[in-house]
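# A structural walkthrough
Take a look at the letters that make up each chain.
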Amino acid sequence: MKCSGVICPEFSSMTRRNHPKMEPASLRTELERILSATIDDIWGNQIPDGFQVTVSGSDNLEFGDLSCQSALKLARIVHDNPRRSASMIVERIEGELPWISSVSVDGPGFINFSLSLQYLVSVSGMLAFKGLKSLLPDIGNGRKALVEYVSSNPTGPLTVGHCRQAVLGEAISSLLEATGWEVSREYYFNDTGRQMMLLGMSLAARYEAIDGGEAEIPEGGYHGDYITEWALELRDEQGSDLSWENNSTAFITFAKERAMEMIKSDLSLLSIEFDRYFAESELIPDAVRSTIAKLSSIEIDGKSLVYPDNDDKEKLWLRFTSLGRPTDRVIVRDNGMYTYRLPDIAYHIDKFSRGYDLMIDVFGADHLDTSKDVTAGLEILLGSSTVSDKLTIIIHQFVTLVREGRKIKMSTRAGEFVTLRKLIHDAGSVDVTKYLFLTRRAEAHMDFDLDLARKESNENPVYYVQYAHARISGIMRTAKEAGISLPDEHTAVSADLLDGEHERELMRLLELVPSRTAAAAEAREPHRLTEILADLATGFHRFYQHVRIVDSDDPDASSVRLMLCEACRRSISGLLEILGVDAPERM
RNA sequence: GCCCCCGUAGCUCAGCAGGAUAGAGCGGCGGUUUCCUAAACCGUAGGCCACAGGUUCGAAUCCUGUCGGGGGCACCA
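Below, the structure is looked at part by part. (Residues numbered from 1 in each chain as written. Chains lettered and ligands numbered in written order. Predicted model: local features only at pLDDT ≥ 70, side-chain atom pairs only at ≥ 80, totals over all residues. Heavy atoms only, no water.)

The next thing to look at is empty space enclosed by the protein. Applying the stated criterion to the full structure yields two cavities of 30 Å³ or more. Lining the largest cavity are R164, V167, L168, F437, L438, R440, R441, A442, P526 and H527. Looking at the lining of the largest cavity, the elements with two or more residues in it are α6 (160-178) and α15 (430-438). Top contributing element to the lining of the largest cavity by residue count: α6, with three residues. Of the residues in the lining of the largest cavity, the class split is six nonpolar, one polar and three charged. (1 Å grid on protein atoms, 1.4 Å probe; cavity = no way out; pocket = protein on both sides within 12 Å on 5 of 7 lines; lining within 4 Å. Points joined across faces, edges and corners; volume = space filled by probe spheres on them. Helix = DSSP H or I, 4+ residues; strand = E, 2+ residues; numbered from the N terminus. Nonpolar A, V, L, I, M, F, W, Y, C, P; charged D, E, K, R; others polar.)

The next subject is the protein's contact with RNA strand B. The local shell around RNA strand B holds 62 residues, among which N190, Q195, K315, R413 and Y467 are the closest. R542 is positioned with one of its side-chain polar atoms (N or O) 2.6 Å from a phosphate oxygen of RNA strand B. Elements with a minimum of two residues in the surface near RNA strand B: α3 (70-78), β4 (110-115), α7 (194-210), β12 (329-332), α12 (368-382), β17 (446-449), α17 (461-481) and α19 (527-546). Broken down by element, the residue count for the surface near RNA strand B peaks at nine residues, all from α17. For the surface near RNA strand B, the per-class residue count stands at 20 nonpolar, 17 polar and 25 charged. (Near = heavy atom within 4 Å. Polar contact = N/O pair within 3.5 Å; in protein donor to acceptor, adjacent residues only side chain to side chain.)

Turning our attention to the sheet that holds strand β11 (residues 316-318). Overall, antiparallel pairing links the three strands, which are arranged β10-β11-β12 in an open sheet. Each edge of the open sheet is held by one strand with a lone partner, namely β10 (306-308) and β12. Taken pair by pair, the neighbouring strands of this sheet meet at an average axis angle of 40°, ignoring direction. For β10 and β11, the ladder comprises three bridges, and the chain directions are antiparallel. Residue pairing in the sheet places Y307 in a bridge with W317 of β11. (Pairing = 2+ DSSP bridges. Axes fitted to C-alpha atoms, helices over the stretch in contact; angles between N-to-C directions.)

Moving on to the sheet that holds strand β1 (residues 55-57). Here we have four strands laid out as an open sheet, ordered β1-β2-β4-β3, and antiparallel in their pairing. Taken across any chain shown, the strands that pair with only one partner, and hence form the sheet edges, are β1 and β3 (100-106). Averaged over all neighbouring strand pairs, the angle between strand axes comes to 30°, with direction disregarded. Alignment of strand β2 (residues 66-68) against β4, held across three bridges, turns out to be antiparallel. Bridging across to β4, L66 finds its partner in F113.

Relative to β4, β3 runs antiparallel, the two sharing six bridges. Bridge assignment links V103 to a residue of β4, and that residue is F113.

Turning to the packing of helix α5 (residues 117-130) against helix α20 (residues 555-579), a few remarks are in order. Taken N-terminus to C-terminus, the directions of α5 and α20 make an angle of 60°; their axes are 7 Å apart at the nearest point. With respect to α20, the axis of α5 lies oblique. For the crossing formed where α5 meets α20, the hand is left-handed. Contacts between α5 and α20 involve V121, S124, G125, L127, A128, F129 and K130 on the former and, on the latter, M563, L564, E566, A567, R570 and S571. Among the residues forming the contact of α5 with α20, the class breakdown is seven nonpolar, three polar and three charged. (Parallel < 35°, antiparallel > 145°, perpendicular 65-115°, else oblique. Left-handed = near helix turned anticlockwise from the far one by under 90°. Contact = heavy atoms within 4.5 Å.)

Now for the packing of aromatic side chains. Evaluated as defined, the whole model comprises 14 aromatic pairs. Taken together, a centroid distance of 5.2 Å and an interplanar angle of 80° make the contact between Y207 and F251 edge-to-face. A residue pair is termed long-range when its members are at least 10 positions apart, and Y207 in helix α7 and F251 in helix α9 (residues 244-269) qualify at 44 residues. For Y207, a relative accessible area of 3% corresponds to the buried category. Where F278 meets Y347, the ring centres are 4.9 Å apart and the plane angle is 55°; that geometry is what we call tilted. Placement of the pair is F278 in strand β7 (residues 276-279) and Y347 in helix α11 (residues 341-353), with a sequence separation of 69 residues. We note that F278, like Y347, is buried. Within the aromatic cluster, the residues linked to one another by ring pairs are Y149, Y187, F189, F274 and Y277. Above the ring of Y356, the side-chain terminus of K144 is found at 5.3 Å from the ring centroid. The side chain of K264 reaches across the aromatic face of Y277, ending 4.3 Å from its centre. (Phe/Tyr/Trp six-rings, centres within 6.5 Å; stacked < 30°, edge-to-face > 60°. Buried < 20%, exposed > 50% of the residue type's maximum accessible area, 1.4 Å probe, protein only. Lys NZ or Arg CZ within 6 Å of the ring centre and 35° of its normal.)

End to end, α19 covers 30 Å across 20 residues, agreeing with the expected 28 Å (1.5 Å per residue, within 8%). Burial in α19 covers these residues: H527, L529, T530, I532, L533, L536, A537, G539, F540, H541 and F543. Where the residues of α19 are buried, they touch α6, α15, α17, α18 (501-523) and α20. (Expected span 1.5 Å × (residues − 1).)

Take the layout of surface pockets next. Counted as a void, the largest pocket has a volume near 1600 Å³. Taken together, 47 residues line the largest pocket, and the ones lying closest to its centre are N153, Q195, D366, H367 and R413. Going through the elements one at a time, α6, α7, α11, β13 (358-364) and β15 (399-403) are the ones with two or more residues in the lining of the largest pocket. Looking at the lining of the largest pocket residue by residue, the classes come out as 17 nonpolar, 22 polar and eight charged. Shared between two domains, the lining of the largest pocket takes at least three residues from each, and those domains are domain 2 (194-269) and domain 3 (285-337). Looking at the second largest pocket, its volume works out to about 740 Å³. Surrounding the second largest pocket, 29 residues form its lining, R28, G57, L512, S515 and R516 being those nearest its centre. Counting only elements with at least two residues in the lining of the second largest pocket, the list comes to α2 (24-43), β1, α18 and α19. (Domains from an automatic or database assignment.)

What follows is the structure in C-alpha cells.
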C-alpha cells in the first residue's frame, strides 16, 4: 500500500502528459490513495490497519467540490487537533495534485478540494461524446449475477404489489448491468402442490357452472372473473365433456398456462423479460430428495436436523431451532407433499451450483420469515460465509392502496385486488407508474391513492425530468438549424469558454453523476437514481434560464455550451434507461 | 406473544457505513415570457428530524427504552 514520495512517478507523468483524460471514479481512487499514503508517511504505525480514507462530494459549493473527513477521524487516533492534522496533510500534498485547482482546510478539519476547470470540462466532454455508461466504474468486471424477482405463482394476473417488485427488480438488474455485471433475470414459480390444485378446481367449478351446474369454488380457491373467462375458453377449445373427476390434470394445466400467459403479458407492459422461468417441478424429485438427504445427514448437539413427526412417520420436520430460528417447521407433509421452505432451499442450492458471484432475491414483506429460514438452511449446507458473500435478499414493503380515503385490503384468492394493468391505466402511463415506485426506497411503505393516481401523475417528477431531456433535444435541433455543432471530440476544448459561474455549477453536477450512480449500484438502491435525475433536471433548467446557449454571433462558445447540454442529456437518458423509463425528444 | 419496516415541511417522500447552515416534488403566497420548449425559473412562508436517555469533539444518522402507524408469524406460496 505504501507509495514512496507519496505521488507515484508513473501516476504523475501519466496524468499530466500521456493521459489527458481522468475519469471521476479514478480521480477519487487516486486522491484517496495519495491521502492515505500521506497519512502513513506522517503518522506511520499509529494508523490502524483498517483505517479507510474516503473522498466524497461536498454538500455545499462553499466547501469545494470534494471533501475528505479523515483528519477528523484521525483526531481520536493521534490525539491532536484535527485542524492541525489536516494542515499537516495539506502541506505535503498541496500543488502536487493533478486535476485539483486548490486544497483548503475548513471548519473543524475538513480537507476540501476544488476541481480544476480543465478537468470538469474534460469530464463533461466524455459524458457528451461517450455517454454515461462509459464513465461508470466496472464494478462487476464481468462477474455473473442472478436477480430473482416477481416470482409470483401462476394463479392470476399480477397485482400492484407485484408491480412494485417487478419495477424494483428490473431496475436493480439494469443498475448492475450498467456497472459491469453480467446479469441473468430469473422468475421462480410453483407449478405443483396445493395452490395449483385449488386453481384447477376453481376453474372446473366455473366450467361446470357454464351449463347451469352449481358452481362450488373450493375453500381457499380463486374467485377472480378471469377464471370464468378461462372456463369459456376451455369449453370452446375442448368441448363440455370434461369433469374434475376424470380430467383434473387438463384443468390444472390449462389454468396454469393461461396464468403464465397473463403474467408474461403483464410483464411485457413494463418491458420486462426474464432470461429464465424456473419451475418448481424441475426440482422434483431429484433436487429436493438430495436436499433432504443432505439436511438429514447433519447433526447438531447430537440431534438430527431432520426428524419425523411423533404421530406420523411420513411427516418430516426441520429443526430450525438448532439453526437459531424461533420454531421448527414441517418440510414434508403426511401426504408426501413438500412445504414451501424445502423446494426453496433446493432451488437456492441449484442457483449456488450454477456459479454466480452474486445472487439477489427481491421479495415482498410476506417472505420475510420464510426467507430467514431458507437462509439458515443454506448456511448450514453451504457455509455461512459463502451464503453471506453471495446472497442478498431485498425485502420491499407492501403498497397500500387507498380509494375514497379508505385502505383496500387485497386478496388474490377472493378476487379482490387491483391489477398491475389497472394501476398503469389509472396512473396514466407506464413511465409514471415505474417512476412513482422507484422514487421510494424498497423498505418504505407506500400509500397509493387510486383516486389521485391520474392527478398525481400530471404532477409526477418524471415529467420534470423528461421535460429537461426534451428541452435539450429541442436545443440540439435549434443549434443544428443555426449551423452550430458540438466541438470535435478529439480536440481539447478551450476551458476559458466555460469559465462562468453557471457553467461550472452544471459541470460540477455532471462530474458527480458517475460516482453517485456507482454508489447506488453498490447499495442496490435504484431509488437514488431518481434523486440524481431530479438534481440534473433542476441543474439544467437553471442553467438554461441564465445562459443563452445557441448564439449565432458566438459559434465557438455556443459549441462548447452545446457540449454541456449534450453531456446533461446523455446523463439523463442514461439514468432513465437504467430505470426503464423513456427519454422523449419532444413533449 | 415473537419478528420486520416506518415515524423528517400542509401532503408524498429523499437524506441515515456520524460531520460543516436539514432537502426535493406537490400544495400556499409573490414575481419572471419582444429571446433556444413557462411541463420552466426566481423569491418567500412552512421543521423541538415522534419522545426520552446513552455513546461521541460532533447524532436526523449509531445504541437502549417509550409511544404511534403498517406488515409478517400455515402441514398456502
